[in-house]
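One-letter residues, chain by chain:
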Amino acid sequence: MRMLDLNFVRANLELVRNKLRGRGQDPAVLLGDFEALDQRRRDRITEGEQLKAQRNKLSEEVARLKKSGQYAGAVMDRTRTLRARTEELEAAAAESEEQMRAILTRIPNLTRDEVPVGIDERANVEVKRWSTAPEFDFQPKPHWELGEHLGILDLERAAKIAGARFAVYWGDGAKLERALISFMLDVHTREHGYTEVLPPFMVNSKSLFGTGQLPKFADDLFRCVDAEGFEPGKYRDSDHWLIPTAEVPVTNLYREEILDEAKLPISLAAYTPCFRSEAGSYGKDVRGIIRQHQFQKVELVKFTRPEESEAEHEKLTRNAEAILERLGLPYRRMLLCTGDTGFSSAKTFDLEVWLPGQGLYREISSCSNFEAFQARRANIRYKPKGQGKTTLVHTLNGSGLAVGRTWLAILENYQQADGTVRVPEALVSYMGGQRTIAPRQGA
RNA sequence: GGAGAGGUGGCCGAGUGGUUGAUGGCUCCGGUCUUGAAAACCGGCAUACCCGCAAGGGUAUCGGGGGUUCGAAUCCCUCCCUCUCCGCCA
């Protein structure tokens with residue numbers, strides 16, 4: 001189990017080192033003395049296997065002797081003696097393998113060459129901007145004020161029943177969330193060719209390894225208390241973690257499978273809640289519902305042939321943008337720089353929605369091409385026509401969209417001077433014909 | 001939770017300690033035949049790693065892990081998953 005292919009890393013060490021530097025990471029820390037470790041590993045394997053070959057020969061000798069009724073005791077004794085030494089070498093080889101595995105599973109994907117080099121979001125590049133930006137003749141409010149005023153967003157009681165970073169939606173607030181989910185799924189399935197799936201909201205650690213959340217990002221996840229704890233390097237079928245995104249269960253649907261080339265590309269759309277511990281983001285985005293332990297999301301996932309993944313990445317990103325456009329929400333598309341691109345991704349576009357209540361753009365979707373990175377970890381392959389060789393597929397995904405952030409973007413963009421909120425035209429039918437969200441009676 | 005049955009290569013399915021990485025069938029690939037196709041026939045067809053310029057050789061893998069043994073797909077332990085029955089439950 002590894003992330004980048006060992007042979008590739010070995011043959012392209014300098015490239016890998018450069019790509020790591022591009023991400024702002026120190027190759028020496030991540031790779032250690034790669035060549036020496038690799039050489040020692042190979043020496044140990046070679047030696048151990050030679051001994052095993054010898055042992056196997058002797059065992060065959062025993063069989064031959066016994067078959068012809070001859071005495072085999074002496075050979076059996078020799079083999080027995082070989083055993084201790086063999087086991088030693090095996091253990092040493094296993095130790096080296098583990099060292100290499102630990103290194104490889106922590107190397108992030110190599111970013112594509114067109115990804116701008118930079119250490120943080122300041123180096124991201126704005127690719128496009130789309131707007132029907134609303135003009136306000138009053139001071140627009142942030143969504144938490146609007147939500148509270150309307151009686152549809154209840155953060156206080158959420159904190160009481162679940163703790164900080166949770167939300168309770170009442171009345172039209174709950175209805176708007178549900179309308180958004182249905183709207184997004186309908187557009188993607190009816191117009192963009194995605195198949196809807198409803199996966200489990202918990203996954204095992206093997207799945208989290210497959211998409212790249214484990215081992216490195218265990219702290220960002222909620223893990224259920226199972227009999228077995230978690231130790232990096234040990235991935236199970238039977239433990240339970242809350243999903244941080246539908247990407248995990250949906251991409252892993254085809255883990256350890258060989259897909260039919262005729263069915264590619266496969267496009268799946270899934271609604272799920274997402275759970276994130278948000279460790280390390282204390283004090284960040286504490287107001288409103290920008291950053292929550294639980295939020296809802298409609299996720300788009302694709303499995304493609306390697307040569308189509310770039311084109312499909314653009315299509316997927318356009319599919320996400322279509323939702324923003326249909327809802328009349330101003331946004332811009334950012335090409336993330338090397339340092340801001342996620343661990344598993346080779347190239348990522350973030351879509352950022354305009355939030356007039358706060359006067360800034362906020363990420364509402366992240367669309368990534370993982371190329372073969374996840375496919376290699378999860379072992380998802382297909383058999384190209386004409387060649388016998390099974391090949392890793394490319395995987396992609398993107399939010400289409402984050403529902404909670406869409407919800408708050410609508411509040412902020414469609415607010416009116418009196419604090420009520422207009423319902424975007426595209427959602428009216430999903431809201432049962434309702435055109436305005438007014439303060440909840442009896443709130 | 002209790003009792004039982006089972007997990008073998010892309011798929012189906014043999015195999016209960018000794019040239020079994022694994023019979024056979026299907027799919028797939030190449031070829032013969034055909035105007036073309038089908039059928040028929042012939043041949044090929046697992047993966048990873050190690051050694052090697054290569055040819056080739058070696059090691060490991062029969063759900064996962066551990067054990068017994070000179071030797072394990074085959075025996076033992078354990079975990080996971082699937083199926084049947086019972087109980088409980090949304």
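Rules behind the numbers
Residues numbered from 1 in each chain as written. Chains lettered and ligands numbered in written order. Predicted model: local features only at pLDDT ≥ 70, side-chain atom pairs only at ≥ 80, totals over all residues. Heavy atoms only, no water. Pairing = 2+ DSSP bridges. Helix = DSSP H or I, 4+ residues; strand = E, 2+ residues; numbered from the N terminus. Axes fitted to C-alpha atoms, helices over the stretch in contact; angles between N-to-C directions. Contact = heavy atoms within 4.5 Å. Buried < 20%, exposed > 50% of the residue type's maximum accessible area, 1.4 Å probe, protein only. Salt bridge = Lys/Arg side-chain N within 4 Å of Asp/Glu carboxyl O.

Draft legend 1. Spatial organisation of the sheet that holds strand β15 (residues 394–402). Taken in spatial order, the 8 strands of this open sheet run β1-β10-β11-β12-β15-β9-β8-β4, and their pairing is mixed. A single partner strand is all that each edge strand has here, and the edge strands are β1 (125–130) and β4 (195–197). The sheet shows a mean angle of 25 degrees between the axes of neighbouring strands, taken without regard to direction. Where strand β9 (residues 294–304) lies against β15, 7 bridges are found, and the strand directions are antiparallel. Paired with Val301 across the bridge in β15 is Asn397. Relative to the sheet, helix α11 (residues 309–326) contacts β1, β9, β10 (331–335), β11 (347–355), β12 (360–371) and β15, its axis offset from that of β15 by approximately 5 degrees. This element, helix α13 (residues 403–413), spans β9, β11, β12 and β15 of the sheet and lies at about 35 degrees to β15.

Draft legend 2. Representation of unusual backbone geometry within the structure. Here the bond from Leu264 into Pro265 is cis, since omega is -5 degrees, no more than 30 degrees from zero. Of note, Pro265 is situated in the loop between β7 (257–259) and β8 (266–275). The omega angle of the peptide bond from Gly400 to Leu401 is 10 degrees, so this bond is cis rather than trans. Looking at the secondary structure, you find Leu401 in strand β15. At Glu256, a position not held by glycine, the phi torsion is positive, near 60 degrees. By the secondary structure assignment, Glu256 is in the loop between α10 (247–251) and β7. Positioned with a positive phi, Asp285 is a non-glycine residue whose angle comes to about 50 degrees. Its location among the elements puts Asp285 in the loop between β8 and β9. We classify Asp285 as partly exposed; its relative accessible area is 21%.

Draft legend 3. How the structure looks around the pattern of salt bridges. Under the definition given, this model contains 44 salt bridges. The closest approach of N and O atoms between Arg44 and Glu95, which form a salt bridge, is 3.6 Å. Highlighted residues: Arg44 in helix α4 (residues 34–67) and Glu95 in helix α5 (residues 73–104), separated in sequence by 51 residues. When its relative accessible area of 19% is taken as the criterion, Arg44 is described as buried. Classification of Glu95 as partly exposed rests on a relative accessible area of 43%. Put simply, Lys128, Glu314, Arg318, Glu321, Glu325 and Arg333 are held in one network by salt bridges that share partners.

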